[in-house]
Amino acid sequence: MPQLYSPQKSLLCLFMLLAIAAGLSTQAFSQETSSGYTYEETSVAPSENATTVMDDATLDVDPLIEAKQLIASGKSRQAKAILEALLTQNQVKGPRAIETRMALGAIARDNGQPAEARRHLELALRLNPNNPKVLAELGYLFTLASVDDYHPNHTMSAKADEFFTNAERLNAKDSWVLLRRADQARLNLETSHQPIDIATWQRLDTQYQAAENAGAPPEDSAPGRLAVWIALAPLQHQRFDDAIGPILYELDKAPTHAGYRLLLARWYAAQQQTTPALQQALLAVEASETVQPATLTLVAQLYERLGDTANARQFYERVLQEAPNHTPTLIALGDLLVAQNQSEEGLAYLRQAMTNEPQRLEQRLTAAQEAIRDEHTTEGLRRLTPILQLTEGVIANPELFDPIRKRALHAAANAISLDAFYGKPPVNTPPVVAQALQTAVNDSDPLIKLDGLKFLNARAGRSSLTWSTELKGPLEQILLVSSSLASDALASGEALFLLQQYPQANRALDGVEGNTAQEYLENGDRLLGIQAMTAATAQYQRGLTLSPLAALSQGLKKVQEKRRLAEQRIVQGNGAYDGKQFTAALEQYMDAKKLYPDWDLPWIRLGDTHFALKQYQPALDAYEQAVRINPSYLAGPAFKKRLDSLRKKAAKNRK
């Protein structure tokens, strides 16, 4: 085993090792980006090289030093109280104020509050715009915002490099600048999903060594932290055989080392070996003087995986005692309680988490929408249920929760009405979803009202193009809405389409514009939900001119696939029709119509086939539907003559 795997310091700061072993979590960085924010669950104290002379020399203990000691021992909540008191009482000035802000920034970052961390660091930078340490910390924070595994944020990465460049311009050999540059390199490697060879590790080791040689505190720059990462990196990439060697090597030298025990626990957990994973995680807890949130969370998750919800809750609550706003724990505990039918308490935790980090709620909604796009209606509605529960009756932060609730209602209504259109057996709509959609009928927002009407129509067993008299009235009232709002134009166009006034609907929908690619996506999804394929296509295509969102391409692909399948059914139906196999032809044309209902050709072919079978009323209905979609058929004398003849025959048969 190369010497690279062994720590080069006999004393390492355990909380740093535990943080790296615990892995990375996804958070939100700021209002500027919807990309994930990945952070280490650890506390990084400001440099001890900074001055620690108290302004008030009469105090026996320096509160700033005391706060940093508390941070190092994992007691960030107590440290935060001391630091905030120092600022409130105006006890720190100049370099000490900067140091205080940096410490508060580290606490906020590690508690899953990146926006708060950024605020503290920017205030520190305002005190001294030429402080390389603060610039390096901001560069590190922006790096964390840029390294989401699946959606790298290049804007955040560019900002990180800008801060680092400015820091290096001021002092390229500053220990903190060197340290944070090494951290940036490590984070980028961790999320590269590329094989990492020994030479790469050695280069990174050299960077950390340079930071320590320049004076970075060993607890922050210790090469032992790199030794842990050497085991963690292949583990994160599911290369279990590569990961176990370094772990066992380090454990052989230090059998009671909490960080390496935790790594072994994660190694077992990644392979779904829950019991040995829990055993190792508990050993890590026992060996730790201070236990980091990620360690306790892992123990809780393993207990939960084994069905021991009492112990799982106990460990989640231990995390929240020290870090009340630790978002991953709030979510995990909230989900656990909801699953145990303790919905009110569980939703309180979830709502707190979603308020702290709105993108978490957005992620849940996206997962539900993706399930619905894949036509997994039951799964989609199951995912939408807690979202509607979380956003029900929320008075605080309406700008956050109201749009999410609206989109959740749209997704639920579309899923249910689509199933009704395709004649699928009705799903068991969760009571929360059903109640929300029933209430939506009385909403003042025409789009939400439409969603409620679609639900009632589908629940009555009708397809989205067949409406009862009592529901047509409210549907027609939506057409009376007259406003320049895009949402009202969309509602009018959608209502016209559902009333089968196709030329008017197409004109209205063609004028619907979005300001962002996301708005075009939502418009397209709504229109796809009522089978307005042509209008949905236009929305997806417009959105793609603004941003290459995967969901836009997916929506467009779905429309194109339905059109392709519909064309295949038409060809097969034509073959059966030419062979005078009219019943078989009807089946193919019916399938084509269901796949692409606002295409006129399937309706024309249905009319032809019913006419050949002397089924005059169905033939008339099909022809009239084709005319609604494409009035130009009436310009053909032969077609118009057949239509007039059918109307007479249908009227005669009704008598």
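Residues numbered from 1 in each chain as written. Predicted model: local features only at pLDDT ≥ 70, side-chain atom pairs only at ≥ 80, totals over all residues. Heavy atoms only, no water.

**Q** Any chance you could explain the overall build of the chain here in plain terms?
**A** The helix and strand inventory of the chain stands at 33 helices and two strands. Within the chain, buried positions represent 54% of all 655 residues. Roughly 28,600 Å² of accessible area belongs to the chain as shown, and the carbon and sulfur atoms make up 51% of that amount. (Helix = DSSP H or I, 4+ residues; strand = E, 2+ residues; numbered from the N terminus. Buried < 20%, exposed > 50% of the residue type's maximum accessible area, 1.4 Å probe, protein only. Areas by Shrake-Rupley, 256 points an atom, 1.4 Å probe, with all protein chains shown as cover.)

**Q** Mind showing me how you'd approach the nonpolar core here?
**A** In globular proteins that are soluble, nonpolar side chains generally tend to be buried together. Of all hydrophobic cores here, the largest spans 62 residues; its most connected members are Leu450, Leu453, Leu475, Phe497, Leu527 and Tyr540. In terms of residue count, the dominant contributor to this core is helix 32 (residues 616–629) (eight residues). Residues Ile331, Phe401, Ala408 and Ala436 belong to the second largest nonpolar core, which totals 57 residues. (Core = buried A, V, L, I, M, F, W, Y, C linked by side-chain atoms within 4.5 Å.)

**Q** Which parts of the structure should I look at to understand the side chain of Asn131?
**A** Mapping Asn131 onto the fold places it in the loop between helix 5 (114–127) and helix 6 (132–146). By relative accessible area, which is 14% here, Asn131 ends up buried. Among the polar contacts made by the side chain of Asn131, one reaches the main-chain amide nitrogen of Val134 at a distance of 3.2 Å. Apart from residues lying up to four places away in sequence, Asn131 is in contact with Ile98 and Leu170. (Polar contact = N/O pair within 3.5 Å; in protein donor to acceptor, adjacent residues only side chain to side chain. Contact = heavy atoms within 4.5 Å.)

**Q** Explain the environment of Arg109 to me, please; I cannot follow it from the model alone.
**A** Residue placement: Arg109 occurs in helix 4 (residues 95–110). On the basis of relative accessibility, which here comes to 4%, the residue Arg109 falls in the buried class. Sequence separation between Arg109 and Leu144 is 35 residues; the distance between their C-alpha atoms is 9.8 Å. Of the polar contacts made by the side chain of Arg109, one reaches the side chain of Glu137; its length is 3.5 Å.

**Q** Can you walk me through the packing of aromatic side chains in this structure?
**A** Any two aromatic rings considered together are summarised by their centre-to-centre distance and by the angle between their planes. Scanning the entire structure with this criterion turns up nine aromatic pairs. Summarising the aromatic geometry, the rings of Tyr577 and Phe582 are spaced 5.3 Å apart at their centres and angled 65° between planes, so their arrangement reads as edge-to-face. The aromatic ring of Trp599 is capped on one face by Arg563, whose charged end is 4.0 Å from the ring centroid. Here the guanidinium or amino end of Arg605 rests over the ring plane of Tyr577, the centre of that ring lying 4.6 Å away. (Phe/Tyr/Trp six-rings, centres within 6.5 Å; stacked < 30°, edge-to-face > 60°. Lys NZ or Arg CZ within 6 Å of the ring centre and 35° of its normal.)

**Q** What exactly am I supposed to notice about empty space enclosed by the protein here?
**A** In this approach a probe as big as a water molecule rolls over the atoms, and the regions it shows empty are the leftover space. Summed over the entire model, instances satisfying the criterion amount to four cavities of 30 Å³ or more. Here the largest cavity is characterised by a volume of approximately 310 Å³. What lines the largest cavity is a set of 22 residues, among which Ile372, Arg373, Ala411, Asn414 and Asp525 lie closest to the centre. Ranked by residue count, the leading element in the lining of the largest cavity is helix 21 (residues 398–421), at seven residues. For the lining of the largest cavity, the class distribution of residues is six nonpolar, six polar and 10 charged. Quantified by volume, the second largest cavity comes out at close to 50 Å³. Residue lining of the second largest cavity: Lys80, Glu84, Leu104, Ile107, Ala108, Asn111, Gln113, Glu116 and His120, and that is the complete set. Listing elements by their share of the lining of the second largest cavity, those giving two or more residues are helix 3 (76–88), helix 4 and helix 5. Among the residues forming the lining of the second largest cavity, the class breakdown is three nonpolar, three polar and three charged. (1 Å grid on protein atoms, 1.4 Å probe; cavity = no way out; pocket = protein on both sides within 12 Å on 5 of 7 lines; lining within 4 Å. Points joined across faces, edges and corners; volume = space filled by probe spheres on them. Nonpolar A, V, L, I, M, F, W, Y, C, P; charged D, E, K, R; others polar.)

**Q** Even after reading the chapter, I still don't get the confidence of the model for the chain, so can you show me in this structure?
**A** For residues with low pLDDT, the predicted coordinates do not support detailed interpretation. Residues at a pLDDT of 70 or more form 82% of the chain, whose mean pLDDT is 79. Overall, residues 1–59 carries pLDDT values under 50, and its contacts beyond four positions in sequence, including any with other chains, amount to 197 contacts. (pLDDT = per-residue confidence, 0-100.)

**Q** Can you walk me through the pattern of salt bridges in this structure?
**A** Proximity of charged atoms lets side chains of opposite charge pair with each other. The tally for this structure, following the rule as stated, stands at 34 salt bridges. For Glu379, the salt bridge identified is with Arg382, shortest N-O distance 2.7 Å. Here Arg382 and Glu379 lie together in helix 20 (residues 377–391), a separation of three residues that amounts to about one turn. By relative accessible area, Glu379 is classed as partly exposed at 28%. According to the relative accessible area criterion, Arg382 is partly exposed, its value standing at 49%. Among the charged side chains, a network of salt bridges with common partners joins Arg109, Glu137, Arg180 and Asp183. (Salt bridge = Lys/Arg side-chain N within 4 Å of Asp/Glu carboxyl O.)

**Q** Would you mind going over unusual backbone geometry with me for this structure?
**A** Excluding glycine, residues mostly have negative phi values, and the peptide bonds linking residues are mostly trans. The backbone phi angle of Asn90 is positive, close to 55°, even though this residue is not glycine. A positive phi angle is found at Lys580, which is not glycine, with a value near 60°.

**Q** Could you clarify how one ought to interpret helix 29 (residues 550–578) in this entry?
**A** Helical geometry note: an α-helix holds 3.6 residues per turn, so side chains three or four residues apart project in the same direction. Spanning 29 residues, helix 29 covers 42 Å between terminal C-alpha atoms, matching the ideal 42 Å at 1.5 Å per step. Within helix 29 the residues assigned to the buried category are Ala551, Leu552, Gly555, Leu556, Lys558, Val559, Lys562, Ala566, Ile570, Gly573 and Ala576. Each element contacted by the buried residues of helix 29 is listed here: helix 19 (358–373), helix 27 (517–529), helix 28 (533–544), helix 30 (582–595) and helix 31 (600–612). Lys580 occupies a position one or two residues after helix 29 and carries a positive phi of about 60°. (Expected span 1.5 Å × (residues − 1).)

**Q** Which parts of the structure should I look at to understand the packing of helix 15 (residues 293–305) against helix 16 (residues 309–322)?
**A** To describe two helices that pack against each other, one gives the angle between their axes and the distance between the axes. One can describe the packing of helix 15 onto helix 16 by two numbers: an axis separation of 8 Å at closest approach and a directional angle of 165°. Overall, the two elements helix 15 and helix 16 adopt an arrangement that is roughly antiparallel. Note that helix 15 runs across helix 16; the crossing there is left-handed. Here Pro293, Leu296, Thr297, Val299, Ala300, Gln301, Tyr303 and Glu304 of helix 15 come into contact with helix 16, specifically with Asn311, Ala312, Phe315, Tyr316, Arg318 and Val319. (Axes fitted to C-alpha atoms, helices over the stretch in contact; angles between N-to-C directions. Parallel < 35°, antiparallel > 145°, perpendicular 65-115°, else oblique. Left-handed = near helix turned anticlockwise from the far one by under 90°.)

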